[in-house]
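Results of the structural survey
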Amino acid sequence: QTSGRNRFQCLLKRPKQAPIQARVFTETRTAEPKVAAPTAISLSTLHFGDSRVEKAVRQAERLLEKDIPLLIHGETGVGKEVFVKALHHASSRSKQAFIAVNCAAIPAELVESELFGYEKGAFTGANQKGSIGLIRKADKGTLFLDEIGDMPLPTQARLLRVLQERCVQPVGSSELFPVDLRIISATNRSLREQVQLGRFREDLYYRIGGLTLELPPLRERSDKQALFKRLWEQHREPSQWAGLSREVLELFERHPWPGNLRQVSSVMQVALAMAEEQPIRPEHLPDDFFVDLEMEPVEAAEPLGIDLNDAEALNRELQLAGGNISHLARRLGVSRNTLYKRLRQLES
């Protein structure tokens, strides 16, 4: 237990609000190799007309310099970390560190030592030099706690104390270290339900959720077409100007995108690599992309015996299949890419 005197001294040493400084983006992420800092992301580039995203951006901007905690809620892959990076870059803390922690990725037995740091020899296998921990690394900057709903209950109690006292006590130490940071949390779970189930502390929930911002899944966004084109622009090589074909844009519009923006980004990179300097066509898309578009099982379809060189017959069957290339390919006993290429050859 820490003495009352130590806690009083910590309160006396608590830093004042960080002054406004030049905006230079830096990033540190745990458990991943260090890479060059990405180009700073602007809040204005996060939406292209979707009203729900625009509302979230507008509300976040108003709280940019307020000491009000933010909780970002949304499905996996909707861009929660990108959103928080943009907030960091737009704030007066942008010159300082941005520390992103995936609470679900750190083993439960290491969460506390990773977050709060530890004294040398605090436990078996500890670094002999000790560690200041990720919270203190974020001092003067922004700490992003992703998937906070997966944080173990004992760690939640220690985090609550940090939020209340603005001091960190490393594992195995009696000393308290003051910190000045902005903590933004994110989750793909309903924390209210987690509280009711006894899996998340109610007092911590209200401490981190001053304002909850909802980021909609891609399938519900009204600005999908603009997003697709933006991601194409982001991932293409300078020599790749051909863009996306009409067929691909239609497939993208129909796709449910369970992996959201993360999935689109992956599909786009593969497609660009396959297309090289051609327009991106369906045959350039990875096979996994089509799984979510398939509507009928193989056994429900009667095999077809038509000639793949018969353009009229192929087009007729495609119309009967409602334009579902996957369904027609299965009935013909060929791959989707083979059918796409054959149709393309017959058109030329």
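Residues numbered from 1 in each chain as written. Predicted model: local features only at pLDDT ≥ 70, side-chain atom pairs only at ≥ 80, totals over all residues. Heavy atoms only, no water.

**Side note on empty space enclosed by the protein**
Under the definition given, this model contains one cavity of 30 Å³ or more. Here the largest cavity is characterised by a volume of approximately 40 Å³. Taken together, the residues of the lining of the largest cavity break down into six nonpolar, three polar and two charged. (1 Å grid on protein atoms, 1.4 Å probe; cavity = no way out; pocket = protein on both sides within 12 Å on 5 of 7 lines; lining within 4 Å. Points joined across faces, edges and corners; volume = space filled by probe spheres on them. Nonpolar A, V, L, I, M, F, W, Y, C, P; charged D, E, K, R; others polar.)

**Topic: the packing of aromatic side chains**
Taken as a whole and assessed by the stated rule, the structure comprises eight aromatic pairs. Judged by centre distance (6.0 Å) and plane angle (45°), the rings of F228 and W257 are tilted. Of this pair, F228 sits in helix α9 (residues 224-235) while W257 sits in the loop between α10 (246-254) and α11 (260-275), and the two are 29 residues apart along the sequence. Site record: aromatic cluster; members linked through ring pairs are F228, F252, W257, F289 and F290. Across the ring face of W241, the terminal group of R236 is positioned such that the distance to the ring centre comes to 4.1 Å. (Phe/Tyr/Trp six-rings, centres within 6.5 Å; stacked < 30°, edge-to-face > 60°. Helix = DSSP H or I, 4+ residues; strand = E, 2+ residues; numbered from the N terminus. Lys NZ or Arg CZ within 6 Å of the ring centre and 35° of its normal.)

**Some points on the pattern of salt bridges**
This structure, assessed with the given rule, holds 13 salt bridges. Salt-bridge contacts for R158 lead to E112; the nearest nitrogen and oxygen are separated by 3.1 Å. Taken as a pair, R158 in helix α6 (residues 153-165) and E112 in helix α4 (residues 111-116) lie far apart in primary sequence, 46 residues in all. Taking relative accessible area as the criterion, R158 reaches 23% and is therefore assigned partly exposed. (Salt bridge = Lys/Arg side-chain N within 4 Å of Asp/Glu carboxyl O. Buried < 20%, exposed > 50% of the residue type's maximum accessible area, 1.4 Å probe, protein only.)

**Regarding helix α13 (residues 311-320)**
Among the residues making up α13, those that are buried are A313, L314, E317 and L318. Down the axis of α13, the buried set is contained in an arc of 135°. They therefore lie on one face. Opposite the buried face of α13, by more than 90 degrees, sit the exposed residues E312, Q319 and L320. (Arc of directions from axis to C-beta.)

**Remarks on the confidence of the model for the protein**
On average, the protein scores 83 in pLDDT, and the residues at 70 or more come to 82%. The spread of mean pLDDT over the elements of the protein runs between strand β1 (residues 28-29), the lowest at 41, and strand β2 (residues 70-73), the highest at 97. The low-confidence segment residues 16-38, where pLDDT is below 50, has 49 contacts with residues more than four positions distant or belonging to other chains. Below pLDDT 50 for its whole length, residues 295-301 participates in seven contacts with residues either more than four positions away or in separate chains. (pLDDT = per-residue confidence, 0-100. Contact = heavy atoms within 4.5 Å.)

**So, the side chain of K80**
Structurally, the position occupied by K80 is in helix α3 (residues 80-90). Salt bridges are absent for the buried K80, whose nearest opposite-charge side chain, E147, sits at 4.4 Å. Here G74 takes part through its backbone oxygen, which lies 3.1 Å from a polar atom of the side chain of K80. Every residue in contact with K80, bar those within four places of it in the chain, is listed here: I72, H73, G74, E75, F144, D146, E147, A186, T187, N188 and L215. (Lys, Arg positive; Asp, Glu negative; His and termini not counted. Polar contact = N/O pair within 3.5 Å; in protein donor to acceptor, adjacent residues only side chain to side chain.)

**Here we look at the layout of surface pockets**
For the second largest pocket, the calculated volume is near 440 Å³. For the second largest pocket, the lining is made up of 21 residues, of which E247, L318, I325, Y340 and L343 are closest to its centre. Within the residue set of the lining of the second largest pocket, elements represented by two or more residues are α10, α13, α14 (325-332) and α15 (336-347). Among the residues forming the lining of the second largest pocket, the class breakdown is 11 nonpolar, four polar and six charged.

**Concerning unusual backbone geometry**
Note: most residues except glycine have negative phi, and most peptide bonds are trans. A positive phi is found at K140, a non-glycine position, where the angle reads about 75°. Relative to the helices and strands, K140 is located in the loop between α5 (133-137) and β4 (142-146). On the basis of relative accessible area, K140 is assigned to the partly exposed category, the value being 32%. Positive phi is not limited to glycine here, since E147 has a value of about 50°. Residue position: E147 is located in the loop between β4 and α6.

**What to know about the nonpolar core**
Grouped together as the largest cluster of nonpolar side chains are 32 residues, with contacts concentrated most on F252, I280, L285 and F289. At the level of secondary structure, the elements contributing two or more residues to this core comprise α9, α10, α11, α12 (287-291), α13, α14 and α15. When residues of this core are assigned to their parent elements, the largest contribution, seven residues, is made by α11. Not counting residues up to four positions away in its chain, the partners in contact with L285 are V248, L251, F252, V267, A271, I280, F290 and N337. Counting 30 residues, the second-largest nonpolar core is a separate cluster that includes C103, I106, L145 and I208. (Core = buried A, V, L, I, M, F, W, Y, C linked by side-chain atoms within 4.5 Å.)

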